[in-house]
Amino acid sequence: MKKVTLIPGDGIGPEVSEAVVKIFHAANAPIEFEKVEAGSHMIETYGAPIHTSVIEAIKKNKVALKGPITTPIGKGFKSVNVTLRQALKLYANLRPVKSIPGIKTRYENIDLIIVRENTEDLYMGIESMVDKNTAESTKRITRVGSEKIAKFACEIATKQKRKKITSGHKANIMKLADGLFISSTKKICSQYENIQYEEQIIDALCMNLVMKPEAFDVILLPNLYGDIVSDLCAGFVGGLGLIPSGNLGDDYALFEAVHGSAPDIAGQNLANPTALLQSSIMMLRHLEEYEIADQIENAIFAVYKEGQILTRDIGGTASTTEFTQAVIDHL
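Conventions and cut-offs
Residues numbered from 1 in each chain as written. Predicted model: local features only at pLDDT ≥ 70, side-chain atom pairs only at ≥ 80, totals over all residues. Heavy atoms only, no water. Helix = DSSP H or I, 4+ residues; strand = E, 2+ residues; numbered from the N terminus. Rg over C-alpha atoms; globule rule 2.2 N^0.38 Å. Buried < 20%, exposed > 50% of the residue type's maximum accessible area, 1.4 Å probe, protein only. Contact = heavy atoms within 4.5 Å. Areas by Shrake-Rupley, 256 points an atom, 1.4 Å probe, with all protein chains shown as cover. Lys, Arg positive; Asp, Glu negative; His and termini not counted. Charge placed at Lys NZ, Arg CZ, Asp CG, Glu CD. Pairing = 2+ DSSP bridges. Axes fitted to C-alpha atoms, helices over the stretch in contact; angles between N-to-C directions. Core = buried A, V, L, I, M, F, W, Y, C linked by side-chain atoms within 4.5 Å. Polar contact = N/O pair within 3.5 Å; in protein donor to acceptor, adjacent residues only side chain to side chain. Salt bridge = Lys/Arg side-chain N within 4 Å of Asp/Glu carboxyl O. Parallel < 35°, antiparallel > 145°, perpendicular 65-115°, else oblique. Left-handed = near helix turned anticlockwise from the far one by under 90°. Nonpolar A, V, L, I, M, F, W, Y, C, P; charged D, E, K, R; others polar.

Visitor: Tell me about the overall build of the protein, and name the residues and values.
Guide: Counting secondary structure elements, the protein contains eleven helices and twelve strands. On C-alpha atoms alone, the protein measures out to a radius of gyration of 20 Å, which is about the 20 Å that the 2.2 N^0.38 rule sets for 331 residues. Here the C-alpha coordinates of the protein stretch approximately 55 × 45 × 40 Å along the principal axes. Taken over 331 residues, the protein has a buried fraction of 53%. Considering only intrachain contacts with a sequence separation of at least 6, the fraction spanning at least 24 residues in the protein is 73%. On the protein, roughly 15,600 Å² of surface is accessible, and the fraction owed to carbon and sulfur atoms is 52%. If you average the places of the 36 positive and of the 40 negative side-chain charges in the protein, the two averages end up 4 Å apart.

Visitor: If you had to explain the sheet that holds strand E5 (residues 111-117) to someone new, which residues and values would you point to?
Guide: Strand order in the open sheet formed by ten strands is E2-E1-E3-E12-E11-E4-E5-E10-E8-E9, and the pairing between neighbours is mixed. Here the strands that pair on one side only, and so sit at the sheet edges, are strand E2 (31-35) and strand E9 (196-201). For this sheet the average axis-to-axis angle between neighbouring strands, irrespective of direction, equals 25°. Bridge count for strand E4 (residues 92-98) against E5 is seven bridges, and the pairing is antiparallel. Looking across to E5, one finds that Leu94 is bridged to Val115. Sheet strands in contact with helix H4 (residues 80-87) are strand E1 (2-7), strand E3 (63-66), E5, strand E11 (246-248) and strand E12 (253-256), and its direction is about 160° off that of E12. In the packing of helix H8 (residues 223-237) onto the sheet, the strands contacted are E4, E5, strand E8 (164-169) and strand E10 (218-221), and the crossing angle to E5 comes to about 160°.

Visitor: Explain the nonpolar core to me, and be specific about the residues and the numbers.
Guide: Grouped together as the largest cluster of nonpolar side chains are 66 residues, with contacts concentrated most on Val115, Phe152, Ile165 and Ile296. Top contributing element to this core by residue count: helix H10 (residues 290-306), with eight residues. Not counting chain neighbours up to four residues away, the residues in contact with Val115 comprise Asn93, Leu94, Ile149, Phe152, Ala153, Val218, Ile219, Leu220 and Leu221. Grouped together as the second largest cluster of nonpolar side chains are 18 residues, Val97, Ile110, Cys233 and Ala234 included.

Visitor: Give me the side chain of Thr119: which residues, what numbers.
Guide: With respect to the helices, strands and loops of the structure, Thr119 is situated in the loop between E5 and strand E6 (127-131). Among the polar contacts listed, one links the side chain of Thr119 to the side chain of Glu117, at a separation of 2.9 Å. Residues contacting Thr119, with those up to four places away along its chain left out, are Arg85, Gln86, Leu90, Tyr91, Met124 and Asn223.

Visitor: Explain the environment of Leu88 to me, using residue names and the numbers behind them.
Guide: Relative to the helices and strands, Leu88 is located in the loop between H4 and E4. On the accessibility criterion, Leu88 (3% relative accessible area) is buried. Leave out the neighbours within four places in its chain, and Leu88 touches Ile55, Ile58, Lys59 and Tyr252.

Visitor: Lay out the pattern of salt bridges in plain terms, naming residues and giving numbers.
Guide: Enumeration over the complete set of coordinates arrives at 18 salt bridges. Its salt-bridge partner being Asp227, residue Arg95 comes within 3.9 Å of it at the nearest N-O pair. Note that Arg95 is positioned in strand E4 and Asp227 in helix H8, a separation of 132 residues in sequence. This pair shows no difference in class: Arg95 is buried, exactly as Asp227 is. Here Lys170 ties to Asp203 by a salt bridge, and the two come within 3.0 Å at their closest N and O atoms. With Lys170 in the loop between E8 and helix H6 (177-189) and Asp203 in helix H7 (residues 202-211), this pair connects stretches of sequence that are 33 residues apart. For Asp203, a relative accessible area of 44% translates into the label partly exposed. A network of salt bridges, in which partner residues are shared, links Arg95, Arg116, Asp227 and Asp231.

Visitor: Please provide a residue-by-residue account of the packing of helix H1 (residues 13-26) against helix H9 (residues 274-286), values included.
Guide: Running from N to C, H1 and H9 cross one another at 50°; their axes reach a closest spacing of 9 Å. As the angle between them shows, H1 and H9 are arranged oblique. Between H1 and H9 lies a crossing of right-handed hand. From H1, Val16, Ser17, Val20, Ile23 and Phe24 reach across to H9, where they touch Leu276, Leu277, Ser280, Met283 and Leu284. For the contact of H1 with H9, the class distribution of residues is eight nonpolar, two polar and no charged.

Visitor: I'd like a description of unusual backbone geometry, backed by residues and values.
Guide: The phi torsion of most residues other than glycine is negative, and most of the peptide bonds are trans. The residue Asn109 is not glycine, and still its phi comes out positive at about 55°. When its relative accessible area of 70% is taken as the criterion, Asn109 is described as exposed. A positive phi angle is found at Glu288, which is not glycine, with a value near 65°. Looking at where Glu288 falls in the secondary structure, it is placed in the loop between H9 and H10. For Glu288, a relative accessible area of 57% puts it in the exposed group.

Encoded structure:
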């Protein structure tokens, strides 16, 4: 039995987390969840949405699964996601984007991997007020961080038998910061003879993705561009409610749903748990529980292929618990 830290989160987080727990139990997955709390409901107790005890729990268990947590826009507390990534040195964000059988979108047979540097760039949160009318944010890119994420992308590409890595940048404008990123990624990727390497300016890359996504394979990006492009690609297959995400470092791994906490439907049994389920499947494979991961994935895909018990975001009428039970019935 392997112990995993579970952070249900807030909003719809507890509901989708409970769906994962029920499905894992039904599948006899050899995982023991240790639940810890983080989110807006913890501010009154700790003065912040996350306490150091949460980070210590993840360090103890090495692996965590996290539901969505609300982050205020323009004010309030620092993003819990950013806090965890920086505290645990989770330098790599991995987002596979793959078409799900039975879900019709404008695109077919999408199969992409987004590799995003996770701890540098503008998301370091280095901000200040120059004067009362001027705010300033610092974009920081390092050679060490860029080479490390490039090596991660190359290893993922090699392991999954991918043929091409496309590095996105804006080095025509940010010649030093983005220039350092692409010179570093090119250096590392050139050491892998089995991988074709190319670079595209980020705005052109976005246009080309929308026009011809099949021309891409693995996409390697700095933090901010990676956040935007991974959400763009999620739209190819049905949206953020379906896409998994993993944050990985040398010592720890955190898997999470990347969608928001949807407070408008919280507690109404309407949320789609697929994104967190898909992330939990990534987690199982990280823990080398491949057979259980395949069983749960096949059960989810069977539900979507039948198209009878779907949540509202996919055009159905099923509740969270009804969808969860349908997956269990297919195990």
